[in-house]
Amino acid sequence: MEIKSTRLQAIDVARGLSVVIMIMVHTLWIYGDVATQGSTVFGSVIHILGKGTAAFLVAMGISYVLSRDQSILGTLKRGFYTLGLGYMMNALKFVVPIAVFNTMPENFIAAYSWSSPLSLPQLHYLFLTGDILQLAGLSLIFIAFIGYFIKNKWGVFTLALVMILSSKVVSGLRLDISGVDYLLDLLWGNQYSVYFPLFPWMACVLFGLFIGMAYKERNYDQGFLYRSLGLSGLVMMLLGAALCFYDFKYHFADFFHLGPGGAIYLMGLTAFVYWGIDWIIRHTKPNRFYVLLQYCSQRVTSMYIIQWVLICWGMGILGYQTFSTLGVMALIPLFITLTFLVQYVKDRIPQFCSRLTRRAV
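Attention here is on the structure that accompanies the text. This is a predicted model, so every value here is computed, not measured. Here the residue numbering is sequential within each chain, running from 1 through the sequence in written order. In keeping with the predicted nature of the model, local features appear solely for residues at pLDDT of at least 70, side-chain atom pairs appear and are counted solely at 80 or more, and the whole-chain, interface and lining totals rest on all residues. Note: side-chain values were computed over all heavy atoms of the structure, leaving out hydrogens and water.

1. Some thoughts on the side chain of T82
Thought 1: With respect to the element layout, T82 can be found in helix α5 (residues 72-100).
Thought 2: Polar contacts here mean pairs of N or O atoms no more than 3.5 Å apart (in protein, one a potential hydrogen donor and the other a potential acceptor; neighbouring residues in sequence count only if both atoms are side-chain atoms). Among the polar contacts made by the side chain of T82, one reaches the main-chain carbonyl oxygen of R78 at a distance of 2.8 Å.
Thought 3: Only heavy atoms enter the contact rule, under which two residues are in contact if any of them lie within 4.5 Å. Ignoring sequence-local partners within four residues, the contact set of T82 consists of L133, A136, G137 and L140. Note on conventions: DSSP H or I runs of at least 4 residues are helices, E runs of at least 2 residues are strands, and numbering of each starts at the N terminus.

This is how it looks when you write it as C-alpha cells:
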C-alpha cells in the first residue's frame, strides 16, 4: 500500500516566499522616504506584497494539525516560548540600540512623538510592543485549550467566524486598569502598541486548523485539499472584497486592525495563492529555488527575528526613512543576504560546539 506524504510543498514554498517578501517590506518601511513609500509604483507594490501576513498564520494552523505533539502541555510550552522570543526580539530591536548603544536615529524616536533620552516607561512601551510573535504565542496558548474542548473541524471554523464577526465590536475595549489593559490590547487593541491583536488575526490560525483537520480526514489527499483551497479562496476573496467595497473603513481599517471583510478577504487570498503555487509546482520541475524557500519555511521564526534585528540596528548607520527608490532597491538584497548569512552561521553553531566538545573529551 502506498504511504501518502503529509508534507504540503506548496504551503512550505508559500511560507518561505513570505519570509523573503517580509524582508523587502520591512526594508521599505524603515529606510524608504515618504515619497518612495507613498508616491511610487515600487512602494505601492511592496506595500501590497506586505499584506501577506495571513500566509504565516494559516500555515501555522495547518502545521499544528500535522505536528507530532498536540498535547496541552506541549502546546503551552511552545506558546510561552514563542511569546518569550517576541519580547526578546523587541529588546534587541529597540532597547539595545537605544539604551545600550545610543545609535537609534532621532527622527525614529520623533516618530513616536518622543525625544531622547527615553524614559523607562517609554522603553517599557517599546519592549511590550505586540508583534506577530506575540500573536503566534498567544494563539498557541489558546489552541492548547481549544483542542481539548473542540474536536470537530466545523467547531473550529465556527469559532474563527465568531472571532471575525466580533472583531470590530470588541476593538479597543479597555477597563482603565494598568496591566489588564495591556492584556486586552493583545486581545483586541486598536492602537499601534499592538500590531496584530488576537481578534481577528487568530481566525487565520483557526482557518489553518480547519484546513489541516479536513486534510487529515481525507487521508492526506493533496489534490482534494488544493482544489478546495482554490474554490473556497475565490469565494472568500469575492465576499471579503464586496464587504470592503461597501465600507472600507470598517472592514479593512488600517490592515493591522482588520474588520470582518478584510480578514475574510486575506484568508481567501491566502487559500487561493496556496492553490496557485501548487499548480505552478506541479507544472514545473524541482529546482533549487523551491529548496531555498523550503529552507526559509523551516526557519521562519528565526529568520523573522534576524531580519528585524538587522534592519533596526542598521538604522544606526543608514538612518531612518532617508532613501529613495533606488536606495531601497539596493538595500533589499543587502538585508536578504545578511539575513541568510546570519541564519547560516546560527545553523552551524550546534555543530561547531559539538566538535569542540568531542575534542575536549
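2. Observations concerning the packing of helix α8 (residues 132-149) against helix α11 (residues 198-217)
Thought 1: To define axes, lines are fitted to C-alpha atoms, for helices over the stretch in contact only, and angles between the resulting N-to-C directions are given on a 0 to 180 degree scale. Between α8 and α11, whose axes approach to 10 Å, the crossing angle comes to 60°. The angle between α8 and α11 places the two elements in the oblique class. When the axes of α8 and α11 are compared, the crossing they make is right-handed. Contact residues: α8 offers L135, L138, S139, F142, I143 and I146, while α11 offers L198, W201, M202, V205, L206 and L209.
Thought 2: Under the convention adopted here, Pro, Cys and the residues Ala, Val, Leu, Ile, Met, Phe, Trp and Tyr are nonpolar, Asp, Glu, Lys and Arg are charged, and Gly plus all remaining residues are polar. For the contact of α8 with α11, the per-class residue count stands at 11 nonpolar, one polar and no charged. By definition in this entry, angles of less than 35 degrees are roughly parallel, angles greater than 145 are roughly antiparallel, angles of 65 to 115 are roughly perpendicular, and the rest are oblique. Crossing handedness is defined as follows: a turn of the near helix away from the far one that is anticlockwise and smaller than a right angle gives a left-handed crossing, while the clockwise case is right-handed.

3. A look at the packing of helix α4 (residues 53-66) against α11
Thought 1: For the pair α4 and α11, the least separation of the axes is 7 Å and the interaxial angle reads 40°. When the axis of α4 is compared with that of α11, the two are oblique. Crossing of α4 over α11 shows right-handed handedness. The segment α4 lies against α11, with T53, A54, L57, V58, M60, G61, I62, Y64, V65 and L66 engaging W201, C204, V205, F207, G208, L209, I211, G212, M213, Y215 and K216.
Thought 2: Taken together, the residues of the contact of α4 with α11 sort by class into 16 nonpolar, four polar and one charged.

4. Some remarks on the packing of aromatic side chains
Remark: the centre distance and the inter-plane angle together describe each pair of aromatic rings, the angle taken between the planes.
Thought 1: Aromatic contacts are taken between Phe, Tyr and Trp rings whose centres are within 6.5 Å, Trp giving its six-membered ring; a plane angle under 30 degrees counts as stacked, one over 60 as edge-to-face, and the others as tilted. Within this structure, the stated rule accounts for 27 aromatic pairs.
Thought 2: With centroids separated by 6.4 Å and ring planes inclined at 85°, the aromatic side chains of Y112 and Y125 adopt a geometry described as edge-to-face. In this pair, Y112 is assigned in the loop between α6 (106-110) and α7 (120-127) and Y125 in helix α7, connecting sequence segments 13 residues apart.
Thought 3: Each residue's exposure class comes from its accessible area (1.4 Å probe, protein chains only) as a fraction of the maximum for that residue type: buried when under 20%, exposed when over 50%, partly exposed otherwise. Overall, Y125 belongs to the partly exposed group, its relative accessible area being 33%.
Thought 4: The interplanar angle of 90° and the centroid separation of 5.0 Å between the aromatic rings of Y148 and F149 together place this pair among those described as edge-to-face. In terms of burial, Y148 and F149 fall into one category: exposed.
Thought 5: Through a chain of ring-to-ring contacts, the aromatic side chains of W29, Y192, Y195, F196, W201, F248, F252, F255 and F256 assemble into a single cluster.
Thought 6: The lysine or arginine in question, K51, covers the ring of F255, its NZ or CZ lying 5.2 Å from the ring centre.
Thought 7: Criterion for a charge above a ring: Arg CZ or Lys NZ at most 6 Å from the ring centre, at most 35 degrees from the ring normal. Above the face of the W308 ring, K93 is positioned so that its terminal group lies 4.0 Å from the ring centre.

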